[in-house]
Amino acid sequence: MNDSGADPEPAEPGETDLAGLNRDFEQALLGGERKFTRIEVSERAGISIGRAERMWHALGFATVPDDEIAFTDGDVEALRLVAALEDDGFIDPEVESSLARKLGQTQSRLASWQSAMFLEFLANSKLPADEAIEVAGLLLPAMERLQTYVWRRHLAAAAGRAVAGSDELARGVRAVGFADIVSYTRLTRRLTEAELGQLIERFEGMAADVVALNGGRVIKSIGDEVLFVTDTAAQGAAVALALQGTVTSAGDLPELRIGLAYGNILIRLGDVYGEVVNLAARLTSECKPGRVLADRELAAALDGHPGYRLRRLRRVSVRGYHHLIPYALQRAE
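What counts and what doesn't
Residues numbered from 1 in each chain as written. Predicted model: local features only at pLDDT ≥ 70, side-chain atom pairs only at ≥ 80, totals over all residues. Heavy atoms only, no water. Helix = DSSP H or I, 4+ residues; strand = E, 2+ residues; numbered from the N terminus. Buried < 20%, exposed > 50% of the residue type's maximum accessible area, 1.4 Å probe, protein only. Contact = heavy atoms within 4.5 Å. Areas by Shrake-Rupley, 256 points an atom, 1.4 Å probe, with all protein chains shown as cover. 1 Å grid on protein atoms, 1.4 Å probe; cavity = no way out; pocket = protein on both sides within 12 Å on 5 of 7 lines; lining within 4 Å. Points joined across faces, edges and corners; volume = space filled by probe spheres on them. Nonpolar A, V, L, I, M, F, W, Y, C, P; charged D, E, K, R; others polar. Patch = residues over 30% accessible without salt bridge, like charges linked within 9 Å, V, L, I, M, F, W, Y side chains within 5 Å. Salt bridge = Lys/Arg side-chain N within 4 Å of Asp/Glu carboxyl O. Core = buried A, V, L, I, M, F, W, Y, C linked by side-chain atoms within 4.5 Å. Phe/Tyr/Trp six-rings, centres within 6.5 Å; stacked < 30°, edge-to-face > 60°. Pairing = 2+ DSSP bridges. Expected span 1.5 Å × (residues − 1).

**Some thoughts on the overall build of the protein chain**
For step 1, the next point in the chain: Check the secondary structure of the protein chain and you find twelve helices and eleven strands.
For step 2, the next point in the chain: Classification of the 333 residues of the protein chain by burial places 34% in the buried group.
For step 3, the next point in the chain: Long-range contacts, defined as pairs at least 24 residues apart, comprise 66% of the intrachain contacts of the protein chain with a sequence gap of at least 6.
For step 4, the next point in the chain: With the model as given, the accessible surface of the protein chain reaches about 20400 Å², and the carbon-plus-sulfur share is 54%.

Here you go:
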């Protein structure tokens, strides 16, 4: 009853149904009902609120007010798992936040892509809200199984490389390459958003195929640039030249600049760091469109290789390296 004694106005049927569907959809995505505040979830997991807050922020989520019921049984279980892994010595406490940050960044990109894909599907299918949410509920476990499968395959491949690797691989010696789209800034002004999205999707897909086919691994894609690594100098050269060849054969893709360097790198939480990575980036900035530039170490590693020819170019001065000697990489005739 309201203050006037009259019964409240009934809610619109469509609004009530949609609210209920949204609630069911959220529960399906989160794996359960929101039950706990941030203080309650940390208490149930048996860890301090400060540690739980650091993990939450590292995963990429905003601060939740103390009185907001935002967490599920799944959140409690996840925090317990992290604590157990640390107690067992599997996770170093000093890298706990770094690990969470990398997981959060990777999963955030994946979730953004998947949600955009789902919205596009909805727009094209024109399904009613209840049917669309039902479809999403069916897709979720399938996507979850697929992601687990891909993760396990990559884990097995990485473990195999580590076990069978050479002494150089054990020391972190790799070839690192950057492939950069020429005149990307100009393209962003000339193309529509849809056209630019199609270009980036095509470039990333092509790069991923070529890198994998030639024994390399894509570390990350940043719009107009792809960073990849290979276990050997010859594989790095094969990837770089194959990328240039594929772009040339396509005929309608922008040209690439590619820089390669070889030596010790730091591999940490799925990313790569060190002077070799910096050298590859500097060589890319100095490279002419359609060419591949290599550093001195990669040129030395390929010396005498029958498949490749390297020509020393004049010294260049770039940020951090005043006497950088690039080598033009080509296939042997």
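**What to know about empty space enclosed by the protein**
Using a probe with the size of a water molecule, rolled over the atoms, empty space left in the structure can be pinpointed.
For step 1, the next point in the chain: This structure, assessed with the given rule, holds one cavity of 30 Å³ or more.
For step 2, the next point in the chain: Taken together, I181, L199, F203, M206, V247, L253, P254 and L256 make up the lining of the largest cavity.
For step 3, the next point in the chain: In terms of residue class, the lining of the largest cavity is built from eight nonpolar, no polar and no charged.

**So, a nonpolar patch on the surface**
For step 1, the next point in the chain: Taken together, L99, L103 and L269 make up a surface patch of nonpolar side chains, about 220 Å² in accessible area.
For step 2, the next point in the chain: Mapped onto the elements of the fold, L269 is located in the loop between β5 (266–268) and β6 (271–273).

**Quick notes on the nonpolar core**
For step 1, the next point in the chain: If you look at the biggest cluster of nonpolar residues, it comprises 36 residues, and the most contacted ones within it are M206, L243, L256, L260, L298 and L329.
For step 2, the next point in the chain: Put simply, the parts of the chain that give this core at least two residues each are β1 (173–181), α8 (184–190), α9 (193–213), β3 (225–230), α10 (233–250), β4 (256–264) and β7 (292–294).
For step 3, the next point in the chain: The biggest single contributor to this core is α10, with nine residues.
For step 4, the next point in the chain: Here L298 is in contact with A175, A233, L260, A261 and Y262, once residues within four sequence places are set aside.

**Digging into the packing of aromatic side chains**
For step 1, the next point in the chain: The final tally for this structure, using the stated rule, is two aromatic pairs.
For step 2, the next point in the chain: Here the aromatic rings of W56 and F71 are separated by 4.8 Å at their centres, their planes lie at 75°, and the arrangement is edge-to-face. Note that W56 is positioned in helix α3 (residues 49–58) and F71 in the loop between α3 and α4 (73–87), a separation of 15 residues in sequence.
For step 3, the next point in the chain: Among the aromatic side chains, those forming a connected cluster through ring pairs are W56, F61 and F71.

**Remarks on the pairing of β1**
For step 1, the next point in the chain: Counting buried positions along β1 gives nine out of nine residues, so the element sits mostly inside the fold.
For step 2, the next point in the chain: Side-chain alternation along β1 places V173, A175, G177, A179 and I181 on one buried face and R174, V176, F178 and D180 on a second face that is also buried.
For step 3, the next point in the chain: The pairing of β1 with β4 spans nine bridges and is antiparallel. Across the sheet, R174 pairs through a bridge with G263, a residue of β4.
For step 4, the next point in the chain: Pairing analysis gives six bridges linking β1 to β3, with the strands arranged antiparallel. Bridged to G177 within β3 is F228.

**A few points about helix α11 (residues 275–286)**
For step 1, the next point in the chain: The end-to-end C-alpha separation of α11 is 17 Å, in line with the 16 Å expected for twelve residues at 1.5 Å each.
For step 2, the next point in the chain: Within α11 the residues assigned to the buried category are V276, V277, L279, A280, R282, L283 and T284.
For step 3, the next point in the chain: Along its buried surface, α11 packs onto β1, β4, β6, β7, β9 (316–318) and β10 (321–324).

**So, the environment of E43**
For step 1, the next point in the chain: Mapped onto the fold, E43 is located in helix α2 (residues 38–45).
For step 2, the next point in the chain: Here E43 falls in the exposed class, since its relative accessible area comes to 59%.
For step 3, the next point in the chain: Separated by 33 residues in the primary sequence, E43 and V76 place their C-alpha atoms 8.9 Å from one another.

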